[in-house]
Amino acid sequence: MRVKSSILNITAGLANQFIITALSFISRTVFISTLGIEYLGVNGLFTNILAMLTLAEAGLGVSIMYSLYKPVAENDHHRINVLMKFYRNTYMVIAAVILALGLLIMPFLDLIIKDTNVEDIHLIYLIFLLNTVAPYFYVHKNSFLNVSQKGYIVTGIYSVSSIISVCIKIGILHYTQNYLLYLIIDSIITIGNSLLLAVIVNRMYPYLKAKVKDKLDPETRKQITTNVKAIVLQNIGNYFIFGTDNIIISSFVSVAAVGLYSNYQMLIEICRTFVNQVFTNIYHSIGNLVASENADKVYAIYKIYRLVNFWLYSFFTIFLAIILEPFISIWLGAEYLLNGSLLAVLLVIFYERGMRNSITTMKTTAGIFHEDRFAPLLQAVINIGFSIILVQNIGITGVFAGTLISALAVPFWTTPYLVFQKVFKKPLWMYYKVYIADVFILIGTYFITAKAADLVPINGYPSFIVTIFFCLVIPNTIYVLLFHRTAEFAYLMGVAKNVLAKIFVRRLKWNYKV
């Protein structure tokens, strides 16, 4: 059942991502051509600022979802309702806190934004703030669908609404060049999504509408409070690691530089999101597994998870290293490229952070929040310190060099240590032995692929398509040759064969009925 739910959620997620990716390129092209790079920079900057405000709810959702796994598995309606009531009421308070904090920041926007001619900055920021607050009124409904392994419903709703939203916004930009109207459409769609999902959840699970007077028992409340405190510290650290880049660039370079970097960021995040569709949609299945199986079974599943993690992240690292900048040159023009060393640093960060996916999932689904609660804060201090020093010496690349240094200094060591000690109960050297071998495989595969791509210099769309073909075929062929004898690969092939067999049988039944 876990495998079936995961495959359904992954399929829905990937289909959604293909659609959104195609539309995002059209939308960004129209955005840049009609509004310019400064508006793109403001867009990224305000997203970063408001990410800081959402730290007010950091940890609550993860902790309560962790508490819901067992009652959902046992179909304990009363306990579910008590938790959901606590979840809903707490989010009402959080929404008010975020709104208040956001309004307090408004007078200081001029100190953060450097060298911009964008008008109505404060009004633009206010709309961003409202778009951030609105989903909190119904977010507990979305979370319940995810815990129940029905995330494909949420994905489906967001897919349809995203298509509608992007199409309308493209039309607004093309015909009116009105950025405020562009943002208002986001508000309407966001509120509409929340209301629709609330209705769907109430119809699927009518018991959630039952009134409950009971409060959380002291033990559960204490557990949630302990976890929330730990996750808040972690998320505050994570914000200052990943959420301050655009603010530092805007403050020390310019808001236009934020816009240029955002094109690199968008393409890298598209690839990360594709990979995360796989991992996000099996996250809750892993949570169920960790809660119900022994350490050896969990470790065996982790090794499968890790192989998929390496395969996807190393493939996309190679793909982006060869394709990203030529694509930007063809898409927008060579004037939208940044310093060559920036891409190398961004891709090392992309790979290192991505390779922590599998081990971090094991950590969070096992409920390990408290032990490393201060690690992200230490990483944040290292990150901001090095980023501010280096940005003044080597420019925008220095911001991300600071991020990379901080990652290698802290979570690269702490997360594997906790999981191997507390979940797998195995020696840590087993993790780094495989990790180092994977790095050598990545480097070797990159050089082989790059040499093949160099045979066809990119000077137009035909040669660009040939290069993409090389990037798709060569790494995956090498990985099949290297891993086809492993137990993890055999397991994945077995799952793939079962899925294809079921699809084939259904097709036969359908043809027979017709």
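Residues numbered from 1 in each chain as written. Predicted model: local features only at pLDDT ≥ 70, side-chain atom pairs only at ≥ 80, totals over all residues. Heavy atoms only, no water.

Draft legend 1. Region of interest: the overall build of the protein. From N to C terminus, the protein includes 21 helices and zero strands. Expressed as a percentage of contacts within the protein between residues at least 6 apart in sequence, the contacts between residues at least 24 apart total 83%. (Helix = DSSP H or I, 4+ residues; strand = E, 2+ residues; numbered from the N terminus. Contact = heavy atoms within 4.5 Å.)

Draft legend 2. View of the packing of aromatic side chains. Under the counting rule described, the total for this entry stands at 34 aromatic pairs. Ring centres of Phe46 and Tyr125 lie 5.4 Å apart, and the angle between their planes is 75°; on these two criteria the pair is classed as edge-to-face. Note that Phe46 is positioned in helix α2 (residues 37-53) and Tyr125 in helix α6 (residues 121-133), a separation of 79 residues in sequence. Grouping residues by exposure puts Phe46 and Tyr125 together as buried. Look at Phe412 and Tyr432: their rings are 5.6 Å apart centre to centre, the planes differ by 55°, and that puts the pair in the tilted class. Of this pair, Phe412 sits in helix α18 (residues 411-424) while Tyr432 sits in helix α19 (residues 429-454); the two residues are 20 residues apart in sequence, bridging distant segments of the chain. The class of Tyr432 is buried, set by a relative accessible area of 12%. Taken together, the aromatic side chains of Tyr299, Tyr302, Phe412, Trp413, Phe420, Phe424, Tyr431, Tyr432 and Tyr435 make up a single cluster linked through ring pairs. In this arrangement the basic side chain of Lys169 is found over the ring face of Tyr182, its NZ or CZ atom lying 4.8 Å from the centre. It is Lys426 that lies over the ring of Tyr299; its NZ or CZ is 5.0 Å from the centre. (Phe/Tyr/Trp six-rings, centres within 6.5 Å; stacked < 30°, edge-to-face > 60°. Buried < 20%, exposed > 50% of the residue type's maximum accessible area, 1.4 Å probe, protein only. Lys NZ or Arg CZ within 6 Å of the ring centre and 35° of its normal.)

Draft legend 3. Inspection of helix α11 (residues 245-252) at higher detail. Among the eight residues that make up α11, six are buried, leaving the element largely enclosed by the rest of the structure. Three or more residues of α11 are buried, namely Asp245, Asn246, Ile247, Ile248, Ile249 and Ser250.

Draft legend 4. Seen up close, the packing of helix α13 (residues 295-331) against α19. Running from amino to carboxyl end, α13 crosses α19 at an angle of 30°, the nearest separation of the two axes being 10 Å. Taken as axis vectors, α13 and α19 run roughly parallel relative to one another. By crossing handedness, the relation of α13 to α19 is classed as right-handed. On α19, the residues touching Tyr299, Tyr302, Arg306, Phe310, Ser314, Ile318, Ala321 and Ile322 of α13 are Met430, Tyr431, Val434, Asp438, Ile441, Leu442, Thr445, Tyr446, Thr449, Ala450 and Ala453. (Axes fitted to C-alpha atoms, helices over the stretch in contact; angles between N-to-C directions. Parallel < 35°, antiparallel > 145°, perpendicular 65-115°, else oblique. Left-handed = near helix turned anticlockwise from the far one by under 90°.)

Draft legend 5. Summary view of the pattern of salt bridges. Summed over the entire model, instances satisfying the criterion amount to five salt bridges. Note that Arg356 and Glu352 form a salt bridge whose closest N and O atoms lie 2.8 Å from each other. By the burial criterion, Arg356 is buried, and Glu352 matches it. (Salt bridge = Lys/Arg side-chain N within 4 Å of Asp/Glu carboxyl O.)

Draft legend 6. Just the side chain of Arg356, in detail. Within the secondary structure, Arg356 sits in the loop between α14 (340-355) and α15 (357-365). Leaving out residues up to four positions away in the same chain, Arg356 has contacts with Ala407, Pro411 and Phe412.

Draft legend 7. Just the packing of α13 against α18, in detail. Packing of α13 against α18 leaves a shortest axis separation of 10 Å and a crossing angle of 140°. One way to sum up the angle between α13 and α18 is to call them oblique. Across the interface between the two elements, Ala295, Val298, Tyr299 and Tyr302 from α13 touch Phe420, Val423 and Phe424 from α18. The class makeup of the residues in the contact of α13 with α18 is seven nonpolar, no polar and no charged. (Nonpolar A, V, L, I, M, F, W, Y, C, P; charged D, E, K, R; others polar.)

Draft legend 8. Here's a closer look at the nonpolar core. Counting 131 residues, the largest nonpolar core has Phe46, Ile124, Tyr179, Phe400 and Phe424 as the members making the most contacts within it. Per element, the largest residue contribution to this core is 18 residues, and it comes from α13. Among residues more than four places away in sequence, those in contact with Tyr179 are Phe31, Leu35, Tyr39, Asn43, Ile124 and Phe128. (Core = buried A, V, L, I, M, F, W, Y, C linked by side-chain atoms within 4.5 Å.)

Draft legend 9. View of unusual backbone geometry. Notably, Gln177 is not glycine yet its phi reads approximately 50°, a positive angle. Mapped onto the elements, Gln177 comes out in the loop between α8 (151-176) and α9 (179-204). A residue is classified by how much of its surface remains accessible, and Gln177, at 39% relative accessible area, is partly exposed. Even without being a glycine, Lys425 presents a positive backbone phi close to 55°. By the secondary structure assignment, Lys425 is in the loop between α18 and α19.

Draft legend 10. Main features of the side chain of Gln379. With respect to the helices and strands, the residue Gln379 is situated in helix α16 (residues 375-394). Given the relative accessible area of 4%, Gln379 is considered buried. Setting aside anything within four residues of it in sequence, one finds Gln379 in contact with Ile241, Ser406, Ala407, Val410 and Pro411.

Draft legend 11. Seen up close, a nonpolar patch on the surface. Together, Val93, Val97, Leu101 and Leu104 give the surface a local cluster of nonpolar side chains, amounting to about 340 Å² of exposed area. Looking at the element boundaries, Leu104 is found in helix α4 (residues 77-105). On the basis of relative accessible area, Leu104 is assigned to the exposed category, the value being 58%. (Patch = residues over 30% accessible without salt bridge, like charges linked within 9 Å, V, L, I, M, F, W, Y side chains within 5 Å. Areas by Shrake-Rupley, 256 points an atom, 1.4 Å probe, with all protein chains shown as cover.)

Draft legend 12. The environment of Thr486, seen in detail. Relative to the helices and strands, Thr486 is located in the loop between α20 (461-483) and α21 (487-513). Taking the C-alpha atoms as reference points, Thr486 and Ile304, 182 residues apart in sequence, are found 9.8 Å from one another.

Draft legend 13. Spatial organisation of the confidence of the model for the protein. Per-residue confidence for the protein gives a mean pLDDT of 80, with 83% of residues at or over 70. The low-confidence segment residues 507-512, where pLDDT is below 50, has zero contacts with residues more than four positions distant or belonging to other chains. (pLDDT = per-residue confidence, 0-100.)

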